[in-house]
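Structure at a glance
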Amino acid sequence: MYRTEVALRDAVEGGAQTHATRPRLYLELELDGVTGFGEVAPQPFALNGDPGLDEVVTAARRALARVREWVAREGVPPWWRAGVVVDGTPVSRTAAALVEMALLDRELRASGRTLGALWPARYEVRPTATVSLLSSDPWRVPAGVARVRAKCAPGPLAPGALERLAALEVPVLIDYNATATDPGGVLERAREVASVARVVAVEQPFAPGNLAETARLAARLGEAGIAVGLDEGVRTLGDLRGAARYRAATLVCVKPPRVGGLAQALDLVGRARDLGLTPYLGGFFESPYARAVHRALAAHAVEEPSDVADVAVPGPPEAVAVAGSVGLWPAPEALAGAEALEA
């Protein structure tokens, strides 16, 4: 395993934290002479139910011990069986996602297949951009994005935030990251933003699991034509069923590391649609390698704009082009400067 930390070119201030740097955890997995890479980008510290980096490292070691036992007993497991390492905790899901991606890359290379062949593209990939309404730092919204996620929190907006919103040509999702406490304040803020921009949803206003308050807010926002989305509150099928049953949300963010990996994300996307919910793919500021994997999944399974655009960082490229599988690998230079961890 390799641990790195990168500075984001554009820091993003949210209600609960400022995203200025991001850890990356890579796994280089060799079985029977064939290598595959996995990657997750955990939170630096535990927040809103998501595990911190050190927890994920410990859980990844446990997951790899299970894989070693499996290989000794039955041979190399298929990539989609990595979910057996999940014990129902958020940290084990993230660890499973790391191991699963490495197994997937390795399996594709061993068979000479590509990710595009495994997941044929069925939808246009429409990326999103993330900005902050809490900071006066300039926004960089790349051409071609289909939606902007605007980080928000209770209290005043940064000077000039409404003017910058008014200049956008794409819809806006207001992301509270579970920091809201007053439904009335959320409704007032949504109307304020909607006066200058097209607001499609308010995302995760309250703490994960607070479906009662979220459902009441959803009913009031629905009268204004604004949906409610869940992000930190989406980890399992039970979460989707609760959101649908109580009409707490209609838009759900499925993040592969949060739900236990790519196979689980693919299943939850389908389950969400069956429940009348609209899913999209989310991310954790991953490197271009993991983002390429997520883009392929989005092209195969997701119609909604998704958080799959590359994240700009200063310095040399974090990924390099290679033949087969995903078409990318983590750059050797990036791994050479990383902290190598015992796996």
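In what follows, the accompanying structure is described. (Residues numbered from 1 in each chain as written. Predicted model: local features only at pLDDT ≥ 70, side-chain atom pairs only at ≥ 80, totals over all residues. Heavy atoms only, no water.)

**Points about the overall build of the protein**
Rules: Starting at the N terminus, helices and strands are each numbered in turn, a helix being any DSSP run of H or I of at least four residues and a strand any DSSP run of E of at least two. For each residue, the accessible area found with a 1.4 Å probe, counting protein chains only, is set against the maximum for its type, and the residue is called buried under 20%, exposed over 50%, and partly exposed in between. Contacts are residue-level and defined by heavy atoms, with any inter-residue pair within 4.5 Å sufficient.
In terms of regular secondary structure, the protein is built from eleven helices and 13 strands. Dimensions along the principal axes, computed over C-alpha positions, put the protein at roughly 60 × 45 × 35 Å. Burial status across the protein gives 55% buried among its 343 residues. Taking the intrachain contacts of the protein between residues at least 6 apart in sequence as the baseline, contacts between residues at least 24 apart amount to 66%.

**Brief notes about helix α6 (residues 211–222)**
In plain terms, the rule: In this scheme, a helix's expected span is set at 1.5 Å multiplied by one less than its residue total. To obtain the arc, one takes the directions from the helix axis to the C-beta atoms. In the analysis that follows, any N or O atom pair within 3.5 Å is treated as a polar contact, provided that within protein one partner can donate a hydrogen and the other can accept it, and provided that, for residues neighboring in sequence, both atoms belong to side chains.
Look at α6: 16 Å from first C-alpha to last across twelve residues, which is about the 16 Å you get at 1.5 Å a residue. Inspection of α6 places Leu211, Thr214, Ala215, Leu217, Ala218 and Leu221 among the buried residues, and these make up the whole buried set. In a view along the axis of α6, the buried residues occupy a sector of 165 degrees, so they form one face of it. Contacts made by the buried residues of α6 are with α5 (183–194), β7 (199–203), β8 (227–230) and α7 (237–245). Between the side-chain oxygen of the N-cap and the backbone nitrogen of glutamate 213 there are 3.2 Å, and the N-cap of α6 in question is asparagine 210.

**Focus on unusual backbone geometry**
Although it is not a glycine, alanine 178 adopts a positive phi angle of roughly 65 degrees. When you line up the elements, alanine 178 lands in the loop between β6 (172–175) and α5. With phi around 40 degrees, glutamine 204 is a residue other than glycine that occupies positive phi space. For glutamine 204, the position within the fold is in the loop between β7 and α6.

**Comments concerning the sheet that holds strand β9 (residues 251–254)**
To keep it simple, the criterion reads: Whether two strands pair depends on DSSP finding at least two bridges between them. A fitted line through C-alpha atoms represents every axis, and for helices the fit uses only the stretch in contact; the resulting angles, taken between N-to-C directions, go from 0 to 180 degrees.
Strand order across the open sheet formed by seven strands is β4-β5-β6-β7-β8-β9-β10, with parallel pairing between neighbours. The open sheet terminates on both sides in strands that have one partner only, identified here as β4 (128–132) and β10 (278–281). Going from strand to strand, the sheet's axes swing by 25 degrees on average, the running direction of each strand aside. As paired elements, β7 and β8 share three bridges and run parallel to each other. The partner of alanine 201 across the bridge, within β8, is alanine 227.

**Notes on the packing of aromatic side chains**
To keep it simple, the criterion reads: Two aromatic rings from Phe, Tyr or Trp, using only the six-membered ring of Trp, form a pair when their centres are within 6.5 Å; if the ring planes differ by under 30 degrees the pair is stacked, by over 60 it is edge-to-face, and anything between is tilted. Only when the NZ atom of a Lys or the CZ atom of an Arg is both within 6 Å of the ring centre and within 35 degrees of the ring normal do we say a charge sits over the ring.
Evaluated as defined, the whole model comprises two aromatic pairs. Here phenylalanine 37 and tryptophan 329 contribute two aromatic rings whose centre-to-centre distance is 5.1 Å and whose plane-to-plane angle is 75 degrees, an arrangement assigned as edge-to-face. You can see phenylalanine 37 sitting in strand β3 (residues 34–40) and its partner tryptophan 329 sitting in strand β12 (residues 328–330), a full 292 residues away along the chain. Of the residues examined, tryptophan 329 reaches a relative accessible area of 23% and is grouped as partly exposed. When the ring of tryptophan 79 is compared with that of tryptophan 119, the centres are 6.1 Å apart and the planes differ by 80 degrees; the resulting orientation is edge-to-face. With tryptophan 79 in the loop between α1 (53–74) and α2 (90–111) and tryptophan 119 in the loop between α3 (115–118) and β4, this pair connects stretches of sequence that are 40 residues apart. Over the face of the ring belonging to phenylalanine 284 we find lysine 255, whose NZ or CZ atom lies 4.4 Å from the ring centre.

**Structural notes on the pattern of salt bridges**
Close approach of charged atoms allows side chains of opposite charge to pair. Put simply, the rule reads: Each salt bridge in this description consists of a side-chain nitrogen of Lys or Arg and a carboxyl oxygen of Asp or Glu lying within 4 Å of one another.
Enumeration over the complete set of coordinates arrives at 20 salt bridges. One salt bridge in this structure joins aspartate 10 and arginine 140, with 2.9 Å as the shortest N-O distance. Here the residue aspartate 10 occupies a position in strand β1 (residues 2–13), and arginine 140 occupies one in the loop between β4 and β5 (147–151), the gap between them amounting to 130 residues. For aspartate 10, a relative accessible area of 26% translates into the label partly exposed. For arginine 140, a relative accessible area of 48% corresponds to the partly exposed category.

**A word on the environment of arginine 189**
Inspection of the secondary structure puts arginine 189 in helix α5. In sequence terms arginine 189 and valine 269 are 80 residues apart; their C-alpha atoms lie 30 Å from each other. Here glycine 155 takes part through its backbone oxygen, which lies 2.8 Å from a polar atom of the side chain of arginine 189.

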